[in-house]
Amino acid sequence: MNQDSNFNQLFVPPSQRDRYQGTLNAPVILVEYGNYQCPQLREMHQLIQAIQQDFNSRLTEKNSICVVFRHFIEHSIYPQAQKAAEAAEAAGAQGQFWQMHKMLLTHQEALGNGYLVEYANDLGLDICQFLQDIFKQVHVDRINEDIASGQQSGVVTAPALFINGIRYRGRWNMEQLMAAIIAASNELL
């Protein structure tokens, strides 16, 4: 198998180390690569949330979709993305990853250090622990592992999405993304 054929497949499968919503044995697993400064990530996240709600409301079996988020930071384009990722992981260490994830996507234009502390405070996090995690760069290795896994899968820019391990290259709209997810879930039946 040559290197190019790997670029449509997810190289590192989802696992317990990932940040995910749902169950890892769900029939459909979406893996998003993105960073909090990328405007397209907010659009993709809103689309996926709507699809999750729609999918779960139509099916009797809840947790039919698992959504995994992995960091993919392009430092030269998005200078504040690294600190935002560290803030999300510091919040995650206190059990509030997805709440911070949503907060950062909602306030993409305000990702300076002062804002990050304000968001942590709004979520009721232990601010001393939060700041210590960021200052000591406790979560940098995890973020770098996400970036490396994306690069191994051929991701060069964010956002990128994999549906059941296969790179989604369609348009970012409800109809096409939903069709791709339904097709992936039907392949399993």
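Residues numbered from 1 in each chain as written. Predicted model: local features only at pLDDT ≥ 70, side-chain atom pairs only at ≥ 80, totals over all residues. Heavy atoms only, no water.

### A few points about the overall build of the chain
Scanning the chain from N- to C-terminus turns up 7 helices and 5 strands. Over its C-alpha atoms the chain spans a radius of gyration of 16 Å, differing by no more than 12% from the 16 Å that the globule rule assigns to 189 residues. Along the longest, intermediate and shortest principal axes, the C-alpha atoms of the chain span 50 × 40 × 30 Å. Buried residues in the chain amount to 48% of all 189 residues. (Helix = DSSP H or I, 4+ residues; strand = E, 2+ residues; numbered from the N terminus. Rg over C-alpha atoms; globule rule 2.2 N^0.38 Å. Buried < 20%, exposed > 50% of the residue type's maximum accessible area, 1.4 Å probe, protein only.)

### Some words on the nonpolar core
Among soluble globular proteins, nonpolar side chains are generally buried collectively. Among the nonpolar cores identified, the biggest contains 58 residues, and Leu-30, Tyr-36, Met-100, Leu-104, Ile-163, Leu-177 and Ile-181 are the most heavily contacted of them. The leading source of residues in this core is helix 2 (residues 81–93), at 7 residues. If we ignore the near neighbours within four places in the chain, the residues touching Ile-163 are Val-28, Ile-29, Leu-30, Tyr-168, Leu-177, Ala-180, Ile-181 and Ala-184. (Core = buried A, V, L, I, M, F, W, Y, C linked by side-chain atoms within 4.5 Å. Contact = heavy atoms within 4.5 Å.)

### Some details on the sheet that holds strand 1 (residues 19–21)
Sheet architecture is open: 5 strands sit in the order 1-3-2-4-5, paired in mixed fashion. Edge positions in the sheet fall to strand 1 and strand 5 (166–167), since each has one partner strand and no second. Relative to strand 3 (residues 65–71), strand 2 (residues 28–34) is paired through 7 bridges, and the arrangement is parallel. Bridging from a neighbouring strand, Gly-34 pairs with His-71 of strand 3. In this fold helix 3 (residues 97–106) packs onto strand 1 and strand 3, with an angle of close to 70° to the strand it touches most, strand 3. (Pairing = 2+ DSSP bridges. Axes fitted to C-alpha atoms, helices over the stretch in contact; angles between N-to-C directions.)

### With respect to the packing of aromatic side chains
Summed over all chains, the structure comprises 7 aromatic pairs. When the ring of Tyr-115 is compared with that of Tyr-119, the centres are 6.4 Å apart and the planes differ by 25°; the resulting orientation is stacked. Within this pair, Tyr-115 and its partner Tyr-119 are both found in helix 4 (residues 113–122), separated by 4 residues, close to a single helical turn. Judged by its relative accessible area of 42%, Tyr-115 is partly exposed. (Phe/Tyr/Trp six-rings, centres within 6.5 Å; stacked < 30°, edge-to-face > 60°.)

### Overview of the pattern of salt bridges
Per the stated rule, a full pass over the model turns up 6 salt bridges. Across the pair Glu-89 and Arg-19 runs a salt bridge whose closest N-O atoms are separated by 2.8 Å. Taken together, the residues Glu-89 in helix 2 and Arg-19 in strand 1 connect sequence positions 70 residues apart. Arg-19 sits in the buried class, given a relative accessible area of 19%. (Salt bridge = Lys/Arg side-chain N within 4 Å of Asp/Glu carboxyl O.)

### Describing the environment of Asn-121
Positionally, Asn-121 belongs in helix 4. Along the backbone, Asn-121 and Met-44 are 77 residues apart, and their C-alpha atoms lie at a distance of 27 Å.

### Focus on helix 4
Among the residues making up helix 4, those that are buried are Leu-116, Tyr-119 and Ala-120. Seen end-on, helix 4 carries its buried residues on one side only, within an arc spanning 100°. Seen from the open side of helix 4, the exposed residues pointing more than 90 degrees away from its buried face are Gly-114, Asn-121 and Asp-122. As for helix 4, its buried residues are in contact with helix 2, helix 3 and helix 5 (127–135). With its phi angle positive at about 75°, Gly-124 sits one or two positions after the end of helix 4. (Arc of directions from axis to C-beta.)

### Some points on the environment of Thr-23
Along the polypeptide, Thr-23 turns up in the loop between strand 1 and strand 2. Classification of Thr-23 by relative accessible area gives partly exposed; the value is 28%. Sequence spacing of Thr-23 and Arg-142 is 119 residues, and the spatial spacing of their C-alpha atoms is 21 Å.

These figures come from the coordinates and say nothing about function on their own.
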